[in-house]
Amino acid sequence: MTQDQQREIVKRMLEGYKFLEQERRERVRQTDTARELSAFDGMALAALTRFPPEPTSGLIEQQRLFRRMRAMSTPSVNER
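Residues numbered from 1 in each chain as written. Predicted model: local features only at pLDDT ≥ 70, side-chain atom pairs only at ≥ 80, totals over all residues. Heavy atoms only, no water.

**As for the overall build of the protein chain**
Quick reminder of the rule: Helix and strand assignments follow DSSP, with helices taken as H or I runs no shorter than four residues and strands as E runs no shorter than two, numbered in order from the N terminus. Just to be clear, the radius of gyration here is over C-alpha atoms, and the globule rule we use is 2.2 Å times residues to the power 0.38. When accessible area is computed with a 1.4 Å probe and restricted to protein chains, residues below 20% of their type maximum are described as buried, those above 50% as exposed, and intermediate ones as partly exposed. All accessibility values rest on the Shrake-Rupley procedure with a 1.4 Å probe; residue burial counts only the protein chains present in the view. The charge count includes Lys and Arg as positive and Asp and Glu as negative, but it does not include His or the ends of the chains. Here the site of a charge means NZ on Lys, CZ on Arg, CG on Asp, or CD on Glu.
Along the protein chain, the regular secondary structure elements total three helices and zero strands. When the helices and strands of the protein chain are placed in sequence order, the string is α-α-α. Taking 2.2 N^0.38 as the reference for a compact globule, 80 residues should give roughly 12 Å; the C-alpha atoms of the protein chain span a radius of gyration of 28 Å, well beyond that estimate. Overall, the C-alpha framework of the protein chain stretches about 75 × 45 × 20 Å when taken along its three principal axes. By residue count, 0% of the 80 residues in the protein chain fall in the buried class. A total of about 8,200 Å² of accessible surface is found on the protein chain, and carbon and sulfur atoms cover 59% of it. Between the centroid of the 15 positive side chains of the protein chain and the centroid of its 12 negative side chains there is a distance of 7 Å.

So this is what it looks like as structure tokens:
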């Protein structure tokens, strides 16, 4: 492939990227955000009913795991 052919390919790719970016910006500009977000309301509620939040924050479980990790990484008295 010659340098001229490579330049032509790069030129076409850049033109394509420019076109796609203009298209993306136009679609974003035309989007009714409130209407689009309302489509997700039902999905969020369905997820909450199927997977309810845990009754605790998980902090106690996290502390228990940290305590186990510390015990595993701390050398015993005989190894010091």
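**Looking at the environment of Arg 67**
Locating Arg 67 in the fold gives a position in helix α3 (residues 59–73). For Arg 67 and Lys 18, which are 49 residues apart along the polypeptide, the C-alpha to C-alpha distance reads 54 Å.

**So, a nonpolar patch on the surface**
Quick reminder of the rule: Here, patches come from residues exposed beyond 30% relative accessible area and free of salt bridges, joined within 9 Å for like charges and within 5 Å for nonpolar side chains (Val, Leu, Ile, Met, Phe, Trp, Tyr). Between Lys or Arg on one side and Asp or Glu on the other, a salt bridge is scored when a side-chain nitrogen of the former is within 4 Å of a carboxyl oxygen of the latter.
Taken together, Met 1, Ile 9, Val 10, Met 13, Leu 14, Tyr 17, Phe 19 and Leu 20 make up a surface patch of nonpolar side chains, about 870 Å² in accessible area. Along the polypeptide, Met 1 turns up in the segment before α1 (3–30).

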